[in-house]
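# Architecture and fold: a report
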Amino acid sequence: QLEGNESAAILNVVHRGIVPQPNDVLFGRIRSNDGNRTLRKLVTTLLDEYNGLPRKFKAKLAEEVVDEISNLGGRFLKRNPVGEWEEVSHNEAVQKVAKTFRNCRRTAPESEEAGIF
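Residues numbered from 1 in each chain as written. Predicted model: local features only at pLDDT ≥ 70, side-chain atom pairs only at ≥ 80, totals over all residues. Heavy atoms only, no water.

## Details of the pattern of salt bridges
One pass over the full model with this rule turns up three salt bridges. Between R75 and D24 there is a salt bridge, with the nearest N and O atoms lying 2.7 Å from each other. Taken together, the positions of R75 in the loop between helix 3 (55-71) and strand 2 (76-79) and D24 in the loop between helix 1 (4-14) and strand 1 (25-26) put the pair 51 residues apart, joining distant regions of the chain. Where D34 meets R37, a salt bridge forms, and the shortest distance between an N and an O atom there is 2.7 Å. Taken together, the positions of D34 and R37, both in helix 2 (residues 34-52) and three residues apart, correspond to about one turn of that helix. By relative accessible area, which is 39% here, R37 ends up partly exposed. (Salt bridge = Lys/Arg side-chain N within 4 Å of Asp/Glu carboxyl O. Helix = DSSP H or I, 4+ residues; strand = E, 2+ residues; numbered from the N terminus. Buried < 20%, exposed > 50% of the residue type's maximum accessible area, 1.4 Å probe, protein only.)

## Section: the sheet that holds strand 1
Pairing between the strands of a sheet is mediated by backbone hydrogen bonds and can be parallel or antiparallel. Read from one edge to the other, the open sheet built from three strands follows the order 1-2-3, with strand pairing classed as mixed. Only two strands of the sheet have a single neighbouring strand rather than two, namely strand 1 and strand 3 (85-87). (Pairing = 2+ DSSP bridges.)

## With respect to the packing of aromatic side chains
Across all of its chains, the model carries one aromatic pair by this definition. A centroid spacing of 4.1 Å and a plane angle of 5° characterise the contact between Y50 and F101, whose relative ring orientation is stacked. Linking Y50 in helix 2 with F101 in helix 4 (residues 90-114), this pair joins segments that are 51 residues apart in sequence. You'll find Y50 and F101 in the same group, each marked buried. Just above the ring of Y50 sits the side chain of K58; from NZ or CZ to the centre is 4.9 Å. Lying across the ring of F27, K96 places its NZ or CZ 5.2 Å from the centre. (Phe/Tyr/Trp six-rings, centres within 6.5 Å; stacked < 30°, edge-to-face > 60°. Lys NZ or Arg CZ within 6 Å of the ring centre and 35° of its normal.)

## So, the side chain of T100
Within the fold, T100 resides in helix 4. By relative accessible area, which is 11% here, T100 ends up buried. The residues touching T100, leaving out its near neighbours within four places in the chain, are L39 and V43. (Contact = heavy atoms within 4.5 Å.)

Here is the structure:
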């Protein structure tokens, strides 16, 4: 069993990682924070443009979305194996945005009918 100071020190280490801010995009099944909402709104707005682009230009548009999130003060974060948030690489962020475009493309007609977006 840990003494009070020891458990407080361990908790302090656990919380020393990145603390997500409102504009951050969080990986995982998290949809309720402002950063993830902003990402979905940007992707939805650009979806027709994305769908009309040749494949080689789709990554460029995804990079522009990553840059826009960054310009708004957001980061792309995921949990590491011990549960702390960490910033992902630029390439992982671009892949996340590209996946969001693909997911929106698959769900766009249903979402519009349901009034989700």
